Amino acid sequence: MADPDARARHTSVWDALAHPARRRIVEILRGAPAPTGRIHETLEDEGLSTSRFATLRHLQQMREADLVLASRSGRERINALNGSALYEATIGWLAPPDRSLATSLHRLRLSAEENAMSLTTMHVTQSIVIAASREAVWRAFREHPSQWWGAPYTLRDQPGSAIEMPVEVGAPIVEHSGSHRAAWGILTEIDHERTYAWTGNMGMGGPSWGTVSYVFADEGEDTRITVDHVQMGEIPDGVAAGYDAGWLDLNERLRLFVEEGEAYGLAGTNTAPPSIG
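Residues numbered from 1 in each chain as written. Predicted model: local features only at pLDDT ≥ 70, side-chain atom pairs only at ≥ 80, totals over all residues. Heavy atoms only, no water.

S.K.: For the pattern of salt bridges, give the residues involved together with the corresponding values.
M.R.: Applying the stated criterion across every chain, the model contains 8 salt bridges. Between glutamate 46 and arginine 24 there is a salt bridge; the shortest N-O distance is 2.8 Å. Here glutamate 46 is found in the loop between helix H3 (36-45) and helix H4 (52-64), whereas its partner arginine 24 is found in helix H2 (residues 20-31), with 22 residues between them in sequence. The partner of glutamate 259 in a salt bridge is arginine 255, with the nearest N and O atoms 2.5 Å apart. Taken together, the residues span about one helical turn, with glutamate 259 and arginine 255 both in helix H8 (residues 239-260) at a distance of 4 residues. (Salt bridge = Lys/Arg side-chain N within 4 Å of Asp/Glu carboxyl O. Helix = DSSP H or I, 4+ residues; strand = E, 2+ residues; numbered from the N terminus.)

Listed below in structure tokens is the structure:
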């Protein structure tokens, strides 16, 4: 972390959360603000505080870490959780693409646990033969994704956008435009010139999580690529058909880039090829 002041703030939050009594205070205040007396009664009943003075010390440390905000209501002191400080010291500490992925996965888990949605599964498979060696297809796929990946299958509708396909497992598949970065997923499997797979929200608006895998196989002197996309979550009717057509389009764009040098992606015309569009 480059900012020493931010590092100090985050450290004070983690120090405040190190004690079970202070973690319990976070749980108490998650629902609503509470007076100091009620917080002490809860901690005392659960054996987490031996005296009112000890509870006050816990609250004071949390206020110093900016985790708790205090105000007066008559003779009572009302304590409220400062969610912003907690967020910045935890998920907010992540890089924006990782933060987006973590938030999406967390939202999916909460929705499933609270029975707020019915989980459905989408499975799309598309395959195409490209008249080139597996090495050439792999290089075009991984090293030049912006030449074939483009609208309307983008997270950012801005000029100058680009796609990055990493080689380290755990790194995000990133779309970026200037300083703005958004993630399609995180790389989960890579086998040079054979397999490339990532897991994430895949650009879906609602809570969902899925995996996309590309498999590269020799077919005579040509190469067959097969994309397999499995998604689980709150998936509206008709979405599967849209993704089916989308992967077909992107595969055709990749084929044209490899075979004919035509760029229909972000770095080219950013349009569907005539045979698809």
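S.K.: Before we move on, can you summarise the packing of H2 against H4 with the specific residues and values?
M.R.: One can describe the packing of H2 onto H4 by two numbers: an axis separation of 10 Å at closest approach and a directional angle of 70°. The orientation of H2 with respect to H4, classified from their angle, is roughly perpendicular. Between H2 and H4, the contacting residues are Ala21, Arg22, Ile25 and Val26 on the first element and His58, Leu59, Gln61 and Met62 on the second. Split into classes, the residues belonging to the contact of H2 with H4 amount to 5 nonpolar, 2 polar and 1 charged. (Axes fitted to C-alpha atoms, helices over the stretch in contact; angles between N-to-C directions. Parallel < 35°, antiparallel > 145°, perpendicular 65-115°, else oblique. Contact = heavy atoms within 4.5 Å. Nonpolar A, V, L, I, M, F, W, Y, C, P; charged D, E, K, R; others polar.)

S.K.: Lay out the sheet that holds strand S7 (residues 180-191) with the relevant residues and their values.
M.R.: Overall, antiparallel pairing links the 7 strands, which are arranged S4-S10-S9-S8-S7-S6-S5 in an open sheet. Each having just a single partner strand, strand S4 (120-130) and strand S5 (162-164) make up the two edges of the open sheet. Averaged over all neighbouring strand pairs, the angle between strand axes comes to 20°, with direction disregarded. Of the pairings in the sheet, the one linking strand S6 (residues 172-177) to S7 comprises 6 bridges and is antiparallel in character. From the neighbouring strand, isoleucine 173 faces S7, where its bridge partner is glycine 185. Seen against the sheet, helix H7 (residues 134-143) touches S4, S7, strand S8 (195-200), strand S9 (208-219) and strand S10 (222-233) and runs at an angle of roughly 150° to S9. Across the sheet, H8 lies against S4, S8, S9 and S10, angled at about 20° from S4, the strand it touches most. (Pairing = 2+ DSSP bridges.)

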